Amino acid sequence: MEEELITKVMHEVMKRVGNGNGATAVAQVEEVKTASPLSNIPAELVQLTEFVGAGMGDTQGIVIANLDPMIHKLIGFDPKFRSIGVIGGRTGAGPHLMAADEAIKATNTEIIMVEMPRDTKGGAGHGNLIVFGAEDVSDARRAVEVTLETLPKYFGDLYANYQDYTENQYTARASKVLKYALGAPEGRAFGLILGAPAVIGMLMIDTAVKAADVEVLGFASPKKGTSLTNEVFIWVTGDSGAVRQAVIAGREVGNKLLGAWGQVPKSATGNPYI
Amino acid sequence: MEEELITKVMHEVMKRVGNGNGATAVAQVEEVKTASPLSNIPAELVQLTEFVGAGMGDTQGIVIANLDPMIHKLIGFDPKFRSIGVIGGRTGAGPHLMAADEAIKATNTEIIMVEMPRDTKGGAGHGNLIVFGAEDVSDARRAVEVTLETLPKYFGDLYANYQDYTENQYTARASKVLKYALGAPEGRAFGLILGAPAVIGMLMIDTAVKAADVEVLGFASPKKGTSLTNEVFIWVTGDSGAVRQAVIAGREVGNKLLGAWGQVPKSATGNPYI
Amino acid sequence: MEEELITKVMHEVMKRVGNGNGATAVAQVEEVKTASPLSNIPAELVQLTEFVGAGMGDTQGIVIANLDPMIHKLIGFDPKFRSIGVIGGRTGAGPHLMAADEAIKATNTEIIMVEMPRDTKGGAGHGNLIVFGAEDVSDARRAVEVTLETLPKYFGDLYANYQDYTENQYTARASKVLKYALGAPEGRAFGLILGAPAVIGMLMIDTAVKAADVEVLGFASPKKGTSLTNEVFIWVTGDSGAVRQAVIAGREVGNKLLGAWGQVPKSATGNPYI
């Protein structure tokens with residue numbers, strides 16, 4: 001009974017305190033299973049018209065119908081984007097990019113800002129801030145909604161244990177967000193192979209390029225291309241089958257290294273999509 | 001009774017482990033109410049003459065009477081500042097700047113170093129390191145004391161829940177610290193409107209500039225003007241009433257967004273000053 | 001009995017959640033005492049030939065026998081290093097540098113990459129990624145093994161409490177890793193004097209240079225020479241007795257300031273070596 005109590009407290013603690021992508025993501029598994037990303041909104045918030053919803057990754061989505069021209073100027077946004085949709089979370093930069101990429105396909109918006117803070121709540125990686133520009137507020141709102149709805153899919157291939165994570169992403173057709181943020185060619189396959197801490201990423205990227213004939217678009221490490229995160233990753237393009245194969249090969253060795261800390265890493269949602 | 005036990009353990013855990021400005025600040029509320037920032041010093045420490053005191057924000061203040069000339073040269077301090085006072089904490093960069101600004105008004109010191117690490121103990125923001133230069137050690141000591149004593153006031157408008165925070169600062173007359181660190185015009189009103197994660201800051205700054213006729217002095221985001229924090233903020237000047245109004249308007253929407261995570265954000269001290 | 005239960009849960013929580021170098025290091029004390037750094041490997045991992053072992057500092061060591069030429073090109077490694085050994089952890093950058101420096105003395109390898117992310121699991125400092133290049137895989141593996149075996153020694157002079165840490169390192173003869181990463185002169189004495197948060201480092205470095213006639217090789221602070229960590233440190237050379245004396249003097253005042261938070265800081269292993 002004492003054991004049971006300890007387990008109960010531990011669960012509650014890990015949920016609240018988090019420990020980077022890992023613990024947070026794992027804690028969110030249950031929430032995702034029992035609640036849509038748009039639920040859980042206190043009644044008083046209904047009166048804040050800018051609030052669209054909360055989502056996985058300690059994320060909120062908002063919309064601003066008529067952005068003040070002073071803010072346009074301050075950040076350098078094109079004045080034609082009267083409305084903006086904003087997504088921002090503390091964890092899960094990769095899933096956010098992927099979900100926003102889906103949203104841009106599905107809506108009449110443009111991507112006008114992508115910034116990745118060093119965050120993940122004490123974890124090894126990035127938080128995120130993504131802004132869609134639109135001429136019409138309903139378009140901006142729709143982009144935010146699609147992103148929030150799509151986030152759980154892309155958290156599916158984030159594997160974590162209490163210590164660290166591997167992040168694996170794949171799409172057959174990259175769109176404007178992946179082009180804007182990572183220089184991915186539009187309409188072609190895209191894959192992300194990422195491990196944290198960085199040592200895990202080193203084996204993942206080597207394994208990935210050996211596994212399939214892919215073209216490496218970029219490389220990032222703690223001092224190069226990241227916000228000083230403890231990650232190593234590459235992103236690749238090429239034949240869609242090859243890209244998928246490279247991602248899967250990287251994921252496999254990465255998760256084995258993660259497991260060396262004595263806990264089998266789990267998909268953040270229980271539903272990997274790759 | 002089991003529930004009670006869990007609550008007790010949770011409280012202890014959150015206090016010790018912290019989770020960014022939020023949990024830490026909330027945990028500190030009680031301490032501030034029951035103890036002055038200068039108490040809690042173990043007896044053995046009385047013998048370390050450099051130690052001045054501990055304060056809110058996981059902060060210590062020290063004084064060095066005769067700084068070694070090698071250190072002056074290494075950091076680039078003017079040799080005329082024989083003594084230095086140093087304040088440094090892991091959380092609450094804004095309150096520290098504001099409190100140091102009060103200290104510089106009240107003492108015969110100059111501000112010679114302000115650096116903001118990426119910290120907050122796993123939270124979304126900055127820690128801090130602030131150095132006062134003085135020709136006389138008693139002046140340096142006094143600056144540190146005033147800063148420590150004044151800190152709780154400026155934590156009063158830091159609102160946090162387990163997830164994130166808004167930080168709101170206001171003074172009718174900025175002094176040399178705010179000028180040094182943020183380019184604020186001396187003697188004029190100053191306001192800071194800040195939200196974390198960055199998405200919350202986006203709505204706060206737009207709301208603030210719409211609410212009152214203020215002049216924006218600067219803008220910061222994860223990749224611009226911060227140490228890669230998950231924050232968006234502006235700092236403003238103008239008519240003191242307008243500045244105050246802008247800060248209050250930003251605070252209001254920011255705290256509503258914070259509340260969307262299901263927990264009403266609280267002032268870190270229970271005594272907001274704006 | 002309730003007290004006992006709380007203590008038990010707290011211990012478990014601190015171990016899992018960590019709180020930067022501090023809590024993590026303290027939690028590891030017991031592990032180090034009861035298990036070699038190479039134990040604790042789940043059976044399934046035996047099949048991953050690249051895995052060498054896990055070590056203090058949330059660290060893993062791996063070896064890649066035939067690094068893909070595409071990766072050589074991507075990172076800029078000399079193609080003659082067919083094999084690489086990689087060490088990477090989330091905490092304890094200093095101990096890793098020191099242990100890798102021992103490994104380079106003992107093996108036929110070269111140091112080809114040292115990167116320090118902003119990490120320590122919510123703590124104030126750096127994680128690490130260190131790569132050895134070798135023409136023969138057995139040399140690369142040996143370098144990783146020596147690093148892992150040597151790590152606990154250098155964690156011995158990392159003192160931490162729940163809040164922060166001081167890090168003190170000393171060697172009579174620096175080798176190629178310290179030269180590569182910090183410009184230390186090979187074959188001469190080397191000392192590191194470091195405190196976190198930065199305010200503690202300020203007193204440590206002043207005390208250290210006053211205590212002995214040493215030559216300061218470098219200075220680092222949140223905005224200069226660190227990855228935005230909340231640390232201040234110097235590294236020094238000179239007569240080996242003087243270097244040791246400077247490190248010890250810095251350590252002494254640093255640990256007194258740490259203790260001002262009401263908890264005596266402890267060596268991460270219980271076995272300081274300086």
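Residues numbered from 1 in each chain as written. Chains lettered and ligands numbered in written order. Predicted model: local features only at pLDDT ≥ 70, side-chain atom pairs only at ≥ 80, totals over all residues. Heavy atoms only, no water.

Draft legend 1. Expanded view of the packing of aromatic side chains. Per the counting criterion, the structure on display carries six aromatic pairs over all chains. Taken together, a centroid distance of 5.8 Å and an interplanar angle of 40° make the contact between Phe233 of chain A and Trp235 of chain A tilted. The two residues Phe233 of chain A and Trp235 of chain A agree in class, both being buried. Centre to centre, the rings of Tyr154 of chain C and Tyr273 of chain C are 5.0 Å apart; their planes meet at 80°, and the pair counts as edge-to-face. Of this pair, Tyr154 of chain C sits in helix 5 (residues 137-155) while Tyr273 of chain C sits in the segment after strand 11 (266-267), and the two are 119 residues apart along the sequence. Looking at Tyr154 of chain C, the relative accessible area reads 1%, which means it is buried. (Phe/Tyr/Trp six-rings, centres within 6.5 Å; stacked < 30°, edge-to-face > 60°. Buried < 20%, exposed > 50% of the residue type's maximum accessible area, 1.4 Å probe, protein only. Helix = DSSP H or I, 4+ residues; strand = E, 2+ residues; numbered from the N terminus.)

Draft legend 2. Here's a closer look at the side chain of Arg90 of chain B. Secondary-structure assignment places Arg90 of chain B in the loop between strand 3 (83-89) and helix 4 (93-106). Classification of Arg90 of chain B by relative accessible area gives buried; the value is 1%. Separated by 3.1 Å, the side chain of Arg90 of chain B and the backbone oxygen of Gly122 of chain C make a polar contact. (Polar contact = N/O pair within 3.5 Å; in protein donor to acceptor, adjacent residues only side chain to side chain.)

Draft legend 3. The arrangement of the confidence of the model for chain A in detail. Residues of chain A with pLDDT of at least 70 account for 83%, and the chain-wide mean is 88. ipTM for the predicted complex: 0.85, alongside a pTM of 0.86. (pLDDT = per-residue confidence, 0-100.)

Draft legend 4. Structural view of the sheet that holds strand 11 (residues 266-267) of chain B. All names here are of chain B. Spatially, the six strands line up as an open sheet ordered 9-10-8-7-6-11, and their pairing is antiparallel. Two strands bound the open sheet, and with one partner strand each, they are strand 9 (215-220) and strand 11. One ladder, built from five bridges, connects strand 8 (residues 190-196) with strand 10 (residues 232-237); its direction is antiparallel. Residue pairing in the sheet places Ile193 in a bridge with Ile234 of strand 10. (Pairing = 2+ DSSP bridges.)

Draft legend 5. View of the packing of helix 7 (residues 198-211) of chain B against helix 8 (residues 240-259) of chain B. Residues and elements named next belong to chain B. For the pair helix 7 and helix 8, interaxial distance at closest approach is 8 Å and the crossing angle is 150°. Accordingly, the angle class assigned to the pair helix 7 and helix 8 is roughly antiparallel. In the packing of helix 7 onto helix 8, the handedness of the crossing is right-handed. Taking contact as the criterion, the partners of Ile200, Leu203, Met204, Thr207, Ala208 and Ala211 in helix 7 are, on helix 8, Gln245, Ala246, Ala249, Gly250, Arg251, Val253, Gly254, Leu257 and Leu258. Considering only residue class, the contact of helix 7 with helix 8 consists of ten nonpolar, four polar and one charged. (Axes fitted to C-alpha atoms, helices over the stretch in contact; angles between N-to-C directions. Parallel < 35°, antiparallel > 145°, perpendicular 65-115°, else oblique. Left-handed = near helix turned anticlockwise from the far one by under 90°. Contact = heavy atoms within 4.5 Å. Nonpolar A, V, L, I, M, F, W, Y, C, P; charged D, E, K, R; others polar.)

Draft legend 6. Geometry of the side chain of Lys121 of chain A. Along the polypeptide, Lys121 of chain A turns up in the loop between strand 4 (110-115) and strand 5 (128-134). Separated by 3.1 Å, the side chains of Lys121 of chain A and Asp58 of chain A make a polar contact.

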